[in-house]
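# Per-entry structural report
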Amino acid sequence: AQSVTQLDSQVPVFEEAPVELRCNYSSSVSVYLFWYVQYPNQGLQLLLKYLSGSTLVKGINGFEAEFNKSQTSFHLRKPSVHISDTAEYFCAVSPSLLGGTSYGKLTFGQGTILTVHP
Amino acid sequence: GAGVSQTPSNKVTEKGKYVELRCDPISGHTALYWYRQSLGQGPEFLIYFQGTGAADDSGLPNDRFFAVRPEGSVSTLKIQRTERGDSAVYLCASSPGQKGETQYFGPGTRLLVL
């Protein structure tokens, strides 16, 4: 079984400031990691994902995340945010090819609401 | 191309009634997932289809919930004897079917049980 903890429920930040949204996970099997974003009144959209290889993953809209296996973390970062980044962000995991199950059921964290102020 | 669509976008019903929620996945996607998102929470897995069969229904909360995908495309989530606690946004996602592949989400159906 897997669980995901997003350490901040809300993160307020000023425009052009850097931001980090924290995510920790727990799993008894190897996992893939994802960040999804949900803009107001829109569906979930994939920002980026880690499957294997380089632990630094770049996604859309200037976001990146770093997989840290020893700390079981997958924090999301952006060096300079825009007003349009205001949204709710979800970290998620699914069992990997080595994870013992045969499909990609996602386990989500509780979400972090990022609010960018002018 | 067309994304995942869900109908209706909103559904208001009375306690005890039966509801059906529909999901049209992306054409050619063999994997289909249903999730439920309660207010202030992340989505929670309900059921997974690979083709026509429900490969994992372990997330369905009780036997009032049932889902079908008879032709391997459109799926319907059915809730009998609705309760106020069923109020949530029901999300559908589809993917090509392999682990690690992106799941594409629909806009959701917001269900309110009065």
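Please refer to the structure placed before this passage.
Report on the accompanying structure. For clarity, every value in this text was computed on a predicted model and none was experimentally measured.

This next bit is on the interface of chain B and chain A. On the chain A side, the residues contacting the 20 residues of chain B number 24 residues. Across the interface of chain B and chain A, roughly 1,700 Å² is buried in total on both sides, 57% from carbon and sulfur atoms. At the surface where chain B touches chain A, the tally comes to 0 salt bridges. Our count for the contact surface shared by chain B and chain A stands at 3 residue pairs in polar contact (both at pLDDT 80 or more). Breaking the side of chain B that touches chain A down by element, the ones donating at least two residues are strand 4 (31-37) and strand 5 (44-50) of chain B. By residue number, the principal contributor to the side of chain B that touches chain A is strand 4 of chain B, which donates 3 residues. Its residues placed into classes, the side of chain B that touches chain A shows 8 nonpolar, 9 polar and 3 charged.

Residue and element names in this part refer to chain B. Within the secondary structure, S87 is located in the loop between strand 8 (75-79) and strand 9 (88-95). In this structure, the C-alpha to C-alpha distance between S87 and F66, residues 21 residues apart in sequence, is 16 Å. What S87 contacts, discounting residues up to four positions off in sequence, is L111, L112 and V113. One polar contact links the side chain of S87 to the main-chain carbonyl oxygen of R84, over a distance of 3.0 Å. A polar contact of 2.8 Å, which involves the side chain of S87, links it to the backbone nitrogen of V113.

All names here are of chain A. Considering the arrangement of structural elements, one finds D8 in the loop between strand 1 (2-6) and strand 2 (10-14). Distance from D8 to T112, taken between C-alpha atoms, is 5.9 Å for residues 104 residues apart in sequence. Separated by 3.0 Å, the side chains of D8 and R22 make a polar contact.

Right, let's get into the pairing of strand 6 (residues 44-50) of chain A. All names here are of chain A. Counted residue by residue, strand 6 has 5 buried out of 7 residues, so it is predominantly covered. Where strand 5 (residues 31-38) meets strand 6, 6 bridges bridge the pair, whose relative direction is antiparallel. Residue pairing across strands places V37 opposite Q45, the latter belonging to strand 6. Hairpin remark: strand 5 followed by strand 6, antiparallel, with 5 residues in the connecting loop; positive phi at N41, about 65°.

All right, on to the packing of aromatic side chains then. Counted according to the given criterion, the structure contains 13 aromatic pairs over all chains. Pairwise contacts between aromatic rings join F34(A), Y36(A), F90(A), F108(A), Y33(B), Y35(B), F45(B), Y48(B) and F105(B) into one cluster.

About the cut-offs
Residues numbered from 1 in each chain as written. Chains lettered and ligands numbered in written order. Predicted model: local features only at pLDDT ≥ 70, side-chain atom pairs only at ≥ 80, totals over all residues. Heavy atoms only, no water. Contact = heavy atoms within 4.5 Å. Buried area = accessible area lost by both parts, 1.4 Å probe. Salt bridge = Lys/Arg side-chain N within 4 Å of Asp/Glu carboxyl O. Polar contact = N/O pair within 3.5 Å; in protein donor to acceptor, adjacent residues only side chain to side chain. Helix = DSSP H or I, 4+ residues; strand = E, 2+ residues; numbered from the N terminus. Nonpolar A, V, L, I, M, F, W, Y, C, P; charged D, E, K, R; others polar. Buried < 20%, exposed > 50% of the residue type's maximum accessible area, 1.4 Å probe, protein only. Pairing = 2+ DSSP bridges. Phe/Tyr/Trp six-rings, centres within 6.5 Å; stacked < 30°, edge-to-face > 60°.

By themselves, these figures tell us nothing about what the structure is for.
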